[in-house]
Amino acid sequence: MERIAIFPGSFDPFTIGHASIVERGLPLFDKIVIGVGINESKRSLYSVAERVEAIRRLYVDEPRIRVVSYNDLTIDLARRENARFILRGLRSVKDFEYERDIANMNERLSGIETVLLFTEPHYSSISSSVVRELIAFGKDVEEFLPHPKKVEE
Ligand code: ADP
């Protein structure tokens, strides 16, 4: 059976921290489905369609990655995608209890296991919310955003 993981998030926007989790997840799974969650209660900078498009562009040459949006529970997306795993990044103790509660609940409801990867230290203070704040004040955020890999000549 294929090992498929959902990497769920808001990705508003998708940062180099997110990209690092995807890259480190690829050797662990056969496929990763990046799920852009539609959360009506969160004010967003980019539309869901824009976020999906930006992430797809990054991974056009990686057939093991799919990018979709969803507006129900991550475990429901996992069922649709035949995924038995959820992939998440853990930046700090602040993330820990939140991630543990959701992971426990998801396991209890669906048997889907959550795989947490510790964020690499140099990415641990990068968050979509900080990047949005910088954008709002007109700062250049290019260094925090991933760029499609150039094909080597
Ligand atoms: P959510 O709104 O669900 O927290 P995010 O888009 O903020 O969604 O994050 C999605 C996932 O990426 C989460 O597991 C989060 O911990 C992880 N993540 C966010 N920023 C980083 C980072 N800088 N390095 C590694 N993982 C990160």
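Residues numbered from 1 in each chain as written. Predicted model: local features only at pLDDT ≥ 70, side-chain atom pairs only at ≥ 80, totals over all residues. Heavy atoms only, no water.

K.L.:
I'd like a description of the nonpolar core, backed by residues and values.
P.N.:
In terms of nonpolar packing, the biggest core is built from 22 residues, with F7, F14, I34, I55, Y59 and L87 touching the most fellow members. Going through the elements one at a time, strand 1 (4-9), helix 1 (16-25), strand 2 (31-37), helix 2 (48-58), strand 3 (65-70) and strand 4 (85-90) are the ones with two or more residues in this core. Examining the composition of this core, we find that four residues originate from one element, helix 2, more than from any other. Apart from the residues within four sequence positions on either side, F14 is in contact with F7, A19, V22, I34, I55, L58, Y59, L145 and P146. (Core = buried A, V, L, I, M, F, W, Y, C linked by side-chain atoms within 4.5 Å. Buried < 20%, exposed > 50% of the residue type's maximum accessible area, 1.4 Å probe, protein only. Helix = DSSP H or I, 4+ residues; strand = E, 2+ residues; numbered from the N terminus. Contact = heavy atoms within 4.5 Å.)

K.L.:
Run through the packing of aromatic side chains, naming residues and quoting values.
P.N.:
For the coordinates displayed, the defined rule picks out four aromatic pairs. Measuring from centroid to centroid gives 5.3 Å for F11 and F14, while their planes differ by 55°, and the two rings are tilted. For F14, a relative accessible area of 7% translates into the label buried. Both rings, one in F29 and one in F85, keep their centres 5.5 Å apart while their planes meet at 45°; by these two values the pair is tilted. (Phe/Tyr/Trp six-rings, centres within 6.5 Å; stacked < 30°, edge-to-face > 60°.)

K.L.:
How would you summarise the sheet that holds strand 2 if you had to cite specific residues and measurements?
P.N.:
What links the strands of a sheet is backbone hydrogen bonding, and the strands pair in either a parallel or an antiparallel sense. If you trace the five strands from one edge of the open sheet to the other, you get 3-2-1-4-5, paired in parallel fashion. For this open sheet the edge positions go to strand 3 and strand 5 (113-118), each flanked by a neighbour on one side alone. When strand polarity is set aside, the average angle formed by the axes of neighbouring strands in this sheet is 30°. Note that strand 2 and strand 3 share six bridges and pair parallel. Directly across from V33, in strand 3, lies its bridge partner R66. Across the sheet, helix 2 touches strand 2 and strand 3, and the angle it forms with strand 3 is around 175°. The strands that helix 4 (residues 93-110) touches are strand 4 and strand 5; relative to strand 4, the one it contacts most, it runs at about 175°. (Pairing = 2+ DSSP bridges. Axes fitted to C-alpha atoms, helices over the stretch in contact; angles between N-to-C directions.)

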